[in-house]
Amino acid sequence: MKRSNEALVGVSVLLAIALVIAGSVWLSQQRFGGSDITRNVRVRSIGGLMVGDPVLLRGVGIGRVERIELSANDWVVVSLRMRGAARSLLPQHPVALFVPTTLFGDWSVQLSSVDALPADPTVRRQVADAQRATHGSEMPGAVLPDVGQLTAQASRIASDIAVISSRVSSAFDSASTVRLRNAFRDLSRLSQVLRVIAQGQESTLVKIGGNLDTGTTLLAQSAASIARAAGRVDSATSRGQLQRILSHTDTITSDLTAVSSDLRGLAGAAASQQQALASIIARTDSIVGRIAAGQGTLGKLTRDTTLYTESLQAVRALRLLLEDVQKNPRRYFQFSVF
Amino acid sequence: MVTSLGRRSIGLVTGFGQFGRFLGNVARALPDVRTWGGLTAQQMRRLGVDSLPIALFIAAFTGIVLALLASYVMTGAVPPYLVGTLVTKTITMELGPVLTGLALAGRVGANIAAELGTMRVTEQVDALETLAYNPYAFLVIPRVLAGLVMFPVVVAFAMGMGIFTGWLTATNLLPITNAEFMRGARLFFMPFDVWYGLLKSASFGFVITLIGCHLGLATRGGAEGVGRATTRTVVYSAEMILVLDAYWAVTLLRGHFQ
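Below is a summary of the structure that appears in this document.

About the thresholds
- Residues numbered from 1 in each chain as written.
- Chains lettered and ligands numbered in written order.
- Predicted model: local features only at pLDDT ≥ 70, side-chain atom pairs only at ≥ 80, totals over all residues.
- Heavy atoms only, no water.
- Salt bridge = Lys/Arg side-chain N within 4 Å of Asp/Glu carboxyl O.
- Helix = DSSP H or I, 4+ residues; strand = E, 2+ residues; numbered from the N terminus.
- Buried < 20%, exposed > 50% of the residue type's maximum accessible area, 1.4 Å probe, protein only.
- Pairing = 2+ DSSP bridges.
- Core = buried A, V, L, I, M, F, W, Y, C linked by side-chain atoms within 4.5 Å.
- Contact = heavy atoms within 4.5 Å.

A separate point is the pattern of salt bridges. Following the criterion strictly, the structure yields 15 salt bridges over all chains and no others. R81 of chain A is the partner of E66 of chain A in a salt bridge, and the nearest nitrogen-oxygen pair spans 3.2 Å. Taken together, the positions of E66 of chain A in strand β3 (residues 60-71) and R81 of chain A in strand β4 (residues 75-82) put the pair 15 residues apart, joining distant regions of the chain. Residue E94 of chain B pairs with K200 of chain B through a salt bridge whose shortest N-O separation is 3.1 Å. Residue E94 of chain B is located in helix α5 (residues 82-121), and its partner K200 of chain B is located in helix α9 (residues 191-217); the two are separated by 106 residues in the primary sequence. Among the residues examined, E94 of chain B registers a relative accessible area of 27% and is labelled partly exposed.

Within a regular strand, side chains alternate between the sheet's two faces. All names here are of chain A. Within β4, seven of the eight residues are buried, leaving the element largely enclosed by the surrounding structure. In terms of strand pairing, strand β1 (residues 37-43) meets β4 through seven bridges, oriented antiparallel. Bridge assignment links R42 to a residue of β4, and that residue is V77. Linkage of β3 to β4, two consecutive antiparallel strands, is achieved through a turn of three residues, within which N73 is found at a positive phi near 60 degrees.

A few words on the nonpolar core. Considering soluble globular proteins, one finds that nonpolar side chains tend to be buried as a cluster. Of all hydrophobic cores here, the largest spans 66 residues; its most connected members are F22, V140 and L217 of chain B. Among the elements that take part in this core, helix α7 (residues 135-173) of chain B stands out by supplying 17 residues, more than any other. The residues touching V140 of chain B, leaving out its near neighbours within four places in the chain, are F22, V26, P135, C213 and L217 of chain B. In terms of nonpolar packing, the next biggest core, distinct from the first, is built from 23 residues, L90, W107, M139 and V143 of chain A among them.

Have a look at this one:
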């Protein structure tokens, strides 16, 4: 009895221990006997990441988060335990992104290359910051915004929209609405007037259309006339009339050339005459200058009244002499034949 | 009224004093390994192995109800794999230890109190003392040790059974696949959950057996006293289970980060 008690108790205890260990290992997905590798990730914050969360490479689970520890200078070091086979599969410069995978607080670690980072500047800044602080084989990490942050952002946007809508509603008060309604009414009235005008102008437009039609017809006739004229020109060309016209034109051109050469000679003579005239004018100018200066006979004549007076007296004397001659010719003339 | 209050106060203090003296006697009996060493296996079988059926029965139905309850609560946007999470977490951390503890408080605690109470009122304990046996080494330590060791064992089996029946229910009665249940069970599982449940159950076993032994040995007044001791053992044990449950939660869960 005592031995059977001990055996039963022993079996129960062993089974319980085995159950607990096996269950824990199975549920926590621990692996034994494999050459697992451990890599640390340096990151400022881990978001909602917890020990046991999966580590994914290109979406495939390759390990789990083993440990999370606070480090100096406001860093957090996260240890990732991965299957040994992942060693050769990791990118050359791996980066760990802590990503919320569901709306219910599930997070995962996604490994990727530093070249394949998302374009989010916040993530890139986190990675660059962590890269400067990594030691040895540590990977830089970054946290993507979780649902809470996104909803908070959405909440902020919604509040902004609410503010804008309240401002719009305050801007569009009852007076604005009345003005807007009047504006619409005026617009409607204006459109009616425009419609009436358009109806009134319709007949005019019809006439213009008819005129256009006539004009088009005339244009067509003109085109036909031009075509005929072109035909005539063509026929004239074919009979040698144009050649004659051209030969006449040549003659006229040669005559014109001769005329132009004559004109050119005439222009040369005119130029020499102009020079002679200029020298005459210059001489005259010097003569006049000398006269004006009182030089020479003429100058003296123009300046000295003595000559004038004497001349006048001489003329008077001559006139008296003539009168005397006429009266007494025998005094002055003796006519004899022998 | 004042007299009643005074009597109750004196009784409370007396009770604490008696329990303290009882603990002192147990501690003094610990070195008497030759006495309690050979008796412990028998108590382990009686308290532990023989309690397995009731513990497994309770755990099995707890797992079923939990799976159905989880699928009933988690509708709409809640992913179905959380049924696995809820079943696993709840069974390992709370319902496995507590429900098993409550069940064993009735079965084991009452059994110990009735047995020792009867021995006390029939003066068998006095006879042991007359025969130079330390009743604490002979009666108390084997039971307390058995409770301390075997309660986690029983609870471990109960955990396994609860998770198994939860999985069975989820995959057969609910629109949840095996992969979904496993994903949920594994997603948030931490080995600490199991150790937390087992530690709680060990403390439950220790307290239940200690209360049963103390009240059993303190029995007075014949069959009526035995019945009263049995009832008080069950009540006190149940209360202590809940108190300890809260204590461990405050102690271990509040300070448990990551």
